[in-house]
Amino acid sequence: MSAELEKIYYFMKRDIISFSTYKTNILILVMTALFGALSFAYLGSNATMQSVLQMYNMNLTTYLLIGLAFNSYLAQSLTLIQKTINPWALEEVLVSPTGLTTFIVGSSLWGFIWSTAVVVIYLAIGVFVFGVTLSINIVGTIIVLALGIGTFIGFSMIGAGILILTKQGDPVTALITIATSLFGNVLFPPQVMPVQLQAISYVVPQYYFFTSIRLMLTGWTIPQILPDLLILGLMCAIIVPLGYAIYYWCLKTARRKGTLSWF
Amino acid sequence: MQNENAIQTINLTKTFKSKIQNNRTALFQRKKTITINAIDNLNLEIKKGELFGLLGPNGAGKTTLVKMLCTLLPPDGGTAKINGYDIIKQQMQVKRSLGTLFSVGERGFFWRLNGYRNLEFFAAIYNVPRQKRHERIMEVLKLVGLESSAFDLYQKYSGGMKRKLSLARTLLPDPPILLLDEPTTGLDATSSRNIREFIKNTVSQGSGKTVLYTTHYIEEAAQICDKIGILNHGTIIASDTPNALREKIKKEEQIFLIVEDITSQQIERLRSVEGVINLTENNGEALPNQKGLCLELKSVEQLPPIFDFLFEQKIRLVNFKREEPTLEDAFIELTRKAQL
């Protein structure tokens, strides 16, 4: 019996030592739990329901449906490029005469198509099962989606780049996920939070994306959301090239250190 | 003048920093960092059409060299030329000239696609023209003997089939130069032999491609390679044909005799025959009435006086063997010398 217990101890010891080498991952796990609890606390408050009615003139079901549908869309977009970093496949592609841009676009395209299909399913269930009423501004929706996807590809490239270096857990993806659920206007309007926290919402692109997409799906026009759209566009124009540069640099560093296939 | 070298490294260098963790290293403790010279000022030339074996123990730097040559790993010093193109400045041309098979190549495939679909993807990213793609895929599948399993799921392939598909992928763009990093690792004897024969007969001799073949199996390299380089601690310590490498460590001629009816006095007289440097008894293979004698001679010309002596003394010769050093002997001797 004691020999078996000793074996169990060594299994655990192996895992703890291995786990402790991924310090970034530990920090991310703690932060995600903390901020997740905060998000759901706000979601359940009365203030959320009143604020949604007041600001968007829609019921909580419609508000949450659009928020959750596009949150799943962006969450998938955020990890699309990371999912392509199978270290062995990455090496095989990098030794081929294929450029980095082709690799990124090619690796993530199907993921986007699938995510779009999932959003359509979400919205269809909302409309046909829960009686949600949508009045879609098609051009506006396409513009907002394009800017949102662009921004999240930028974030995804930053996250994927950092993952290439840290190997497990990247702080960027975790921060973006936390920022989206807490400050992104996904589950509750930021206006229900204390003023100091509300200020953070206005510097994260997710806030502008979710605000704009909700309005474009419920009958608003582009001129009505133009200020939010311009801010989102500006953020997209900064984050995409920044993401590409960081991804390129991380890939180059991992190649120089010879750690590309270490995971 | 046309460059005859398919692969040439010029003072190629790569160092790695590695963190050391021992039994006293506590959790979250900063680990000691050491620097390792994986490739150390390496100068190597491989001629066009040559099947060159790169032999070295584990950790010698074989995979690091392959990864640098295929542009995956940037060098810290020096450079290399592939098909005349610089691995730092002309990466795209280098990639177009190469087919690379990594030692864990099977992980780079997509397990839920069949063999054909996997190759179709790689054919596209290796710029195989669309009109020729199907024909080329079927051609390489036939070459490696996977034609009948082309549409089986990759996850159902055996280890040997996966390796063959890796080879097929390497051959797909029909590159003039192949880098094959331990292509038979983990395979059974039959699969290994099939792949070796395929590389020698079809790839090298059949199509005239230049092949850099890394392995730590000595006899494997001896069987198929035109020339062998021995890599140790990132440096080539010897490079020649397998026979010339054996010759390099051959100091004296060694012969082994099994004789009958020989007395101790006759053994002592044999010891003093001209040209005999040393004589030792080795009765391992001899019967009770026989003696096994191991003689070191200055050269093979010393053999006639020895046979004359045996004939004059009426000593019956039962067996005669000329001892040749193996490539393994050469490898061990040369790596030992390099460490001194």
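Scroll up for the structure.
Since the model is a prediction, treat every value here as computed from it, not as a measurement.

Definitions and cut-offs
- Residues numbered from 1 in each chain as written.
- Chains lettered and ligands numbered in written order.
- Predicted model: local features only at pLDDT ≥ 70, side-chain atom pairs only at ≥ 80, totals over all residues.
- Helix = DSSP H or I, 4+ residues; strand = E, 2+ residues; numbered from the N terminus.
- Rg over C-alpha atoms; globule rule 2.2 N^0.38 Å.
- Buried ≥ 20, exposed ≤ 12 C-beta atoms within 10 Å, placed from the backbone.
- Contact = placed C-beta atoms within 7 Å.
- Pairing = 2+ DSSP bridges.
- Right-handed = clockwise from strand over helix to strand, strands pointing away.
- Axes fitted to C-alpha atoms, helices over the stretch in contact; angles between N-to-C directions.
- Nonpolar A, V, L, I, M, F, W, Y, C, P; charged D, E, K, R; others polar.
- Expected span 1.5 Å × (residues − 1).
- Parallel < 35°, antiparallel > 145°, perpendicular 65-115°, else oblique.
- Left-handed = near helix turned anticlockwise from the far one by under 90°.
- Bend = angle between axes of the 7 residues up to and from the residue.

Focus: the overall build of chain B
Then comes step 1: Across its full length, chain B holds 11 helices and 14 strands.
Then comes step 2: Computed over C-alpha atoms, the radius of gyration of chain B comes to 26 Å, more than 25% over the 20 Å expected from 2.2 N^0.38 for 340 residues, which places it beyond the range of a compact globule.
Then comes step 3: Seen through its C-alpha atoms, chain B measures out along the principal axes to roughly 80 × 55 × 55 Å.
Then comes step 4: In chain B, which comprises 340 residues, the proportion classed as buried is 36%.
Then comes step 5: Restricting the contact set of chain B to residue pairs at least 6 apart, pairs at least 24 apart contribute 72%.

Notes on the pairing of strand S8 (residues 210-215) of chain B
All names here are of chain B.
Then comes step 1: Where burial is concerned, most of S8 is hidden: 6 out of the 6 residues are buried.
Then comes step 2: Bridge analysis of strand S3 (residues 51-55) against S8 gives 5 bridges, and the strand direction is parallel. Directly across from glycine 53, in S8, lies its bridge partner tyrosine 213.
Then comes step 3: Inspection of the sheet shows strand S7 (residues 177-181) paired to S8 by 5 bridges, in the parallel sense. Directly across from leucine 179, in S8, lies its bridge partner leucine 212.
Then comes step 4: Running through helix H6 (residues 189-207), the crossover from S7 to the neighbouring parallel element S8 is right-handed.

Considering the sheet that holds strand S11 (residues 253-260) of chain B
Residue and element names in this part refer to chain B.
Then comes step 1: Judged by pairing direction, the sheet is antiparallel, and its 4 strands sit side by side in the order S12-S13-S11-S14 without closing on themselves. The outermost strands of the open sheet, each flanked by one partner alone, are strand S12 (276-281) and strand S14 (316-323). If you compare each strand with its neighbour and ignore which way they point, the axes differ by 20° on average.
Then comes step 2: The pairing of S11 with strand S13 (residues 290-297) spans 8 bridges and is classified as antiparallel. Across the sheet, the residue bridging to isoleucine 255 is leucine 295, located in S13.

Describing the interface of chain B and chain A
Then comes step 1: Counting from both sides, the interface comprises 20 residues of chain B and, opposite them, 15 residues of chain A.
Then comes step 2: Broken down by element, the side of chain B that touches chain A gets its largest block of residues, 3 residues, from helix H2 (residues 91-97) of chain B.
Then comes step 3: For the side of chain B that touches chain A, the class distribution of residues is 12 nonpolar, 5 polar and 3 charged.

Details of the environment of A:Tyr247
Residues and elements named next belong to chain A.
Then comes step 1: Its place among the elements puts tyrosine 247 in helix H11 (residues 222-257).
Then comes step 2: Tyrosine 247 sits 11 residues away from glycine 258 along the chain, and the two C-alpha atoms are 16 Å apart.
Then comes step 3: With residues up to four places along the chain from it excluded, the contact list for tyrosine 247 reads Met157, Ile158, Ala160 and Gly161.

Observations regarding the environment of B:Thr326
Then comes step 1: For B:Thr326, the position within the fold is in the loop between S14 and helix H11 (327-339).
Then comes step 2: Note on B:Thr326: 15 C-beta atoms within 10 Å, which makes it partly exposed.

Observations regarding helix H10 (residues 205-217) of chain A
Residues and elements named next belong to chain A.
Then comes step 1: Under the 1.5 Å per step criterion, the end-to-end length of H10 is 18 Å for 13 residues, consistent within 8% with the ideal 18 Å.
Then comes step 2: A large share of H10 lies buried, amounting to 13 of its 13 residues.
Then comes step 3: The first or second residue beyond H10 is glycine 219, which carries a positive phi of 95°.

Focus on the packing of helix H7 (residues 138-166) of chain A against H10(A)
Residues and elements named next belong to chain A.
Then comes step 1: Interaxial distance between H7 and H10 falls to 9 Å at its minimum, and their mutual angle equals 160°. The pairing of H7 with H10 is recorded here as roughly antiparallel in orientation. As for the relative orientation of H7 and H10, their crossing is left-handed in sense. Residues Gly140, Thr141, Val144, Gly148 and Thr151 of H7 lie in contact with H10, whose contacting residues are Pro205, Phe209, Ser212, Ile213, Met216 and Leu217.
Then comes step 2: Of the residues belonging to the contact of H7 with H10, the class tally is 6 nonpolar, 5 polar and no charged.

Examining helix H6 (residues 100-128) of chain A
Residues and elements named next belong to chain A.
Then comes step 1: With 29 residues, H6 should reach 42 Å at 1.5 Å per residue; the first-to-last C-alpha distance of 42 Å fits that figure.
Then comes step 2: By the largest-angle criterion, leucine 109 marks the main kink of H6, which is about 35°.
Then comes step 3: The set of residues buried in H6 consists of Ile104, Ser108, Ser115, Val119 and Gly126.

Structural notes on the packing of H7(A) against helix H8 (residues 171-183) of chain A
Residues and elements named next belong to chain A.
Then comes step 1: In the contact formed by H7 and H8, the axes pass within 7 Å of each other and the chain directions differ by 140°. In terms of their interaxial angle, H7 and H8 are classed as oblique. Listed contacts from H8 to Phe155, Ile158, Gly159 and Ile162 of H7 are Pro171, Val172, Thr173 and Ile176.
Then comes step 2: Of the residues belonging to the contact of H7 with H8, the class tally is 6 nonpolar, 2 polar and no charged.

In short, shape yes, function no, at least from these values alone.
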